[in-house]
Amino acid sequence: MTTTAFTTTESARSETVSALPHAIASPLVIGPVPGQERIEAMDILRGVAILGILLVNMGLFSLPEGLPAHQLWPNLVDRIAEKLILFFAQEKFKTLFCFLFGLSLAVQMMRAEARGARFLPLYLRRLSVLLLIGLAHFVLLWSGDILHDYALIGFLLLLFRRRPLKTLQVWAGIFLSIPVLFYGLTTYSSITRQVNPQMMNWISYENEGEDQKTIEETQRIYSRGTYMEMIKLRARELPRDLLPDTDDAYVLIIFLLGLYVGRRGIVHDVSAHLPFVRRVQGWGLMIGVAGNAAFAVGGSFDPSPTSVIQNVGRMCLLFAAPAMSFFYASTIILLTQGEAWRRRLAPLAAVGRMALTNYLLQSLICTTIFYGYGLALFGKVRPSLGLLLTIIICLIQIPLSVWWLRRFQFGPIEWLWRSLTYWQRQPMRVTRRQ
């Protein structure tokens with residue numbers, strides 16, 4: 001990477017400043033974003049993403065990896081619930097969350113530049129704190145944590161922060177070739193029935209290669225084991241989890257797309273980009289419906305050495321998940337252009353402002369329900385009941401977030417994140433003007 005990649009022209013800098021007419025602060029000073037400077041549509045989207053992620057994570061909380069729900073509950077109601085989650089939720093809300101991560105990087109960088117502040121040292125600290133929170137979440141609560149992955153990939157994303165917009169598109173295409181190659185090879189192998197050892201090793205690596213004995217031991221620990229046994233199990237899993245895989249390439253692609261959209265200034269002036277947003281909505285719906293239908297028929301997120309339809313469906317998801325995510329995002333952005341819908345969606349903005357707290361709260365609630373130190377329902381909750389439980393948790397988190405933010409400026413974990421990032425205790429309570 002050449003040093004020219006990290007410089008900007010004066011014209012680009014002036015465009016950045018003009019795109020942020022409300023981001024005014026003292027020169028060379030940067031701090032937490034005041035409520036009036038927040039972009040409400042981003043908070044709403046973040047809230048939708050956090051609640052939607054639980055639709056998929058519920059199955060991961062309640063079942064050991066490698067044990068499909070339809071093998072335990074083959075009845076029609078649960079199969080329909082499973083297919084609906086695959087079609088509407090699998091990878092869609094995670095993709096939306098990834099997209100917002102890249103978009104937030106662009107927004108924060110532009111605000112820092114408009115204020116004449118140094119962006120990089122602050123953001124490096126921000127990512128470092130997020131990494132520590134994610135690692136603690138992984139070991140102490142749940143091995144499905146995404147925060148440490150996002151932090152690590154976020155360090156890599158910083159290398160692209162000043163690259164030209166066209167270059168961001170090119171690199172997104174380059175990284176896309178990794179999962180396309182992988183799922184192309186798995187599809188070819190399943191068609192020809194010629195699976196060479198190298199391909200099997202790659203598939204096993206991506207699936208984390210858990211045999212039946214490992215699955216049974218995992219189920220025993222989470223359903224009847226002690227809390228310390230669970231911590232030791234997750235600690236053993238962590239080194240493997242930190243290794244790169246095709247999913248990391250996918251996350252980086254979506255990060256780059258979010259960074260691209262943020263630097264184009266679309267979220268700062270949606271009204272000027274409405275034709276573009278509507279095109280995204282239309283194409284996202286068409287591609288998303290077709291591709292996700294193929295994925296839902298395939299019926300599995302994992303690649304297979306033998307199932308053609310499973311591999312074809314998984315390949316389709318590479319394009320259908322972002323398409324459906326962008327359909328969701330563009331639809332919500334268009335709705336927020338009207339005052340009535342802004343008021344209706346405002347509670348979701350509260351969830352989004354407390355996204356980190358709500359994400360960790362979901363883990364705390366679900367592990368208490370499913371793991372042995374709580375209600376010990378691991379492996380006992382069918383998909384249809386899991387879907388109902390997800391709805392109940394979401395209906396609790398929405399008013400709880402609204403209630404909290406009427407009294408406090410940040411969620412508790414957001415407050416901790418900011419305080420450690422700025423290495424200064426942040427004010428917590430909302431100050432009432434007399």
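Cut-offs and rules
Residues numbered from 1 in each chain as written. Predicted model: local features only at pLDDT ≥ 70, side-chain atom pairs only at ≥ 80, totals over all residues. Heavy atoms only, no water. Salt bridge = Lys/Arg side-chain N within 4 Å of Asp/Glu carboxyl O. Helix = DSSP H or I, 4+ residues; strand = E, 2+ residues; numbered from the N terminus. Axes fitted to C-alpha atoms, helices over the stretch in contact; angles between N-to-C directions. Parallel < 35°, antiparallel > 145°, perpendicular 65-115°, else oblique. Left-handed = near helix turned anticlockwise from the far one by under 90°. Contact = heavy atoms within 4.5 Å. Nonpolar A, V, L, I, M, F, W, Y, C, P; charged D, E, K, R; others polar. Expected span 1.5 Å × (residues − 1). Bend = angle between axes of the 7 residues up to and from the residue. Buried < 20%, exposed > 50% of the residue type's maximum accessible area, 1.4 Å probe, protein only. Patch = residues over 30% accessible without salt bridge, like charges linked within 9 Å, V, L, I, M, F, W, Y side chains within 5 Å. Areas by Shrake-Rupley, 256 points an atom, 1.4 Å probe, with all protein chains shown as cover. pLDDT = per-residue confidence, 0-100.

### With respect to the pattern of salt bridges
Counted according to the given criterion, the structure contains 10 salt bridges. When the shortest N-O distance is used, the salt bridge between Asp78 and Arg382 registers 2.6 Å. Here the residue Asp78 occupies a position in helix H4 (residues 76–88), and Arg382 occupies one in the loop between helix H16 (355–370) and helix H17 (383–407), the gap between them amounting to 304 residues. Among the charged side chains, a network of salt bridges with common partners joins Glu91, Lys94 and Asp247.

### Regarding the packing of helix H2 (residues 40–62) against H17
Where H2 contacts H17, the two axes come as close as 9 Å, and the packing angle between them is 150 degrees. As summarised for this structure, H2 and H17 are arranged roughly antiparallel, according to the angle between their axes. Between H2 and H17 lies a crossing whose hand is right-handed. Of the residues in H17, those in contact with Leu51, Leu54, Leu55 and Met58 of H2 are Gly386, Leu387, Leu389, Thr390, Ile393, Cys394, Gln397 and Ile398. Class assignment for the residues of the contact of H2 with H17 results in 9 nonpolar, 3 polar and no charged.

### Observations concerning the packing of helix H13 (residues 274–298) against helix H14 (residues 308–335)
Between H13 and H14, whose axes approach to 6 Å, the crossing angle comes to 150 degrees. When the axes of H13 and H14 are compared, the pair comes out roughly antiparallel. Regarding H13 and H14, the two cross each other, and that crossing is left-handed. Residue composition of the contact of H13 with H14, by class: 21 nonpolar, 10 polar and 2 charged.

### Overview of H2
Between its first and last C-alpha atoms H2 spans 33 Å; for 23 residues at 1.5 Å apiece the expected length is 33 Å, and the two agree. Along H2, the sharpest kink reaches roughly 45 degrees, centred on Val56. Burial within H2 is extensive, with 19 of its 23 residues counted as buried.

### A closer look at a nonpolar patch on the surface
A grouping of Leu385, Leu388, Ile392, Ile396, Leu400 and Trp403 is seen on the molecular surface, where their side chains present a nonpolar patch of about 550 Å² in accessible area. Among the structural elements, Leu400 can be located in helix H17. With a relative accessible area of 36%, Leu400 lands in the partly exposed category.

### A short note on the confidence of the model for the protein
Confidence in the prediction of the protein, expressed as mean pLDDT, is 87, and 88% of residues score 70 or more. Element-level pLDDT for the protein is lowest in helix H1 (residues 10–18), with a mean of 37, against a maximum mean of 98 in H16. The low-confidence segment residues 1–31 (pLDDT under 50) makes 44 contacts with residues lying over four places distant or belonging to another chain.

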